[in-house]
Amino acid sequence: MAIARLSGGPLDGQVVPLDDDTDDTLIVPYGEGQLVYRRQGVLEHTGEGDGPSQATFVFGEETEDINPDAEGRLD
């Protein structure tokens, strides 16, 4: 099993399982929309005995505003 380390955006620092068939783009549900992370570099730790394989994914964009009302209320 491989893991994805997320960098940037609202999920910065999170680690999520990575399916074997994941492309270079990881789309994660978030609120009413989705967050798009893109792979940076190649898989690391691919040898035996050095832990799970991991890839870094960097925040690219969101499909909806993450915080459409900055004051936390709707007028």
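Every value quoted in this text rests on a predicted model; they were computed, and no experiment measured them.

A. Highlighting the sheet that holds strand S2 (residues 15–18). One open sheet holds the five strands; their spatial order is S2-S1-S5-S4-S3, and the pairing between them is mixed. Because the sheet does not close on itself, it has two edges, and the strands there are S2 and strand S3 (25–30). With direction set aside, neighbouring strand axes in the sheet form an average angle of 35 degrees. For strand S1 (residues 2–7) and strand S5 (residues 53–62), the ladder comprises six bridges, and the chain directions are parallel. Looking at the pairing, serine 7 lines up with valine 58 of S5.

B. The pattern of salt bridges, seen in detail. Under the definition given, this model contains two salt bridges. Among the ionic pairs, arginine 39 bridges to aspartate 24, the shortest N-O distance being 3.2 Å. One end of the pair, arginine 39, is in strand S4 (residues 33–44); the other, aspartate 24, is in the loop between S2 and S3, and 15 residues separate them in sequence. In this structure, the salt-bridge partner of arginine 38 is glutamate 61, at a minimum N-O distance of 3.0 Å. With a gap of 23 residues between them, arginine 38 in strand S4 and glutamate 61 in strand S5 connect regions that are remote in the sequence.

C. Quick look at the side chain of serine 53. Here serine 53 is to be found in strand S5. The class of serine 53 is buried, set by a relative accessible area of 17%. With residues near it in sequence (within four places) discarded, serine 53 still touches Met1, Ala2, Ile3, Leu43, Glu44, His45 and Thr46.

D. Quick look at the pairing of S4. Pairing of S3 with S4, which is carried by six bridges, proceeds in the antiparallel orientation. When the bridges of S4 are listed, valine 28 appears paired with leucine 35. What sits between S3 and S4 in their antiparallel hairpin is a turn of two residues, with glycine 31 showing a positive phi close to 60 degrees. In terms of strand pairing, S4 meets S5 through seven bridges, oriented antiparallel. Across the sheet, residue arginine 39 finds its bridge partner in S5, namely phenylalanine 57.

Rules used throughout
- Chains are numbered independently. Their residues run from 1 in the order of the written sequence.
- With the structure being a predicted model, the display of local features is reserved for residues of pLDDT at least 70 and the display and counting of side-chain atom pairs for 80 or more, all residues being used for whole-chain, interface and lining totals.
- As a rule here, side-chain values cover all heavy atoms of the structure and leave hydrogens and water aside.
- Paired strands are those between which DSSP finds at least two bridges.
- Strands are runs of DSSP state E lasting at least 2 residues, helices are runs of H or I lasting at least 4, and numbering of each runs from the N terminus.
- Angles here are taken between N-to-C directions and fall from 0 to 180 degrees, while the axes themselves are lines fitted to C-alpha atoms, restricted in helices to the stretch in contact.
- By definition here, a salt bridge exists when the distance from a side-chain nitrogen of Lys or Arg to a carboxyl oxygen of Asp or Glu is within 4 Å.
- Each residue is assigned to one of three classes by its accessible area relative to the maximum for its type, calculated with a 1.4 Å probe on protein chains only: buried under 20%, partly exposed between the two thresholds, exposed over 50%.
- Here a residue-residue contact requires only that any non-hydrogen atoms of the pair lie within 4.5 Å.

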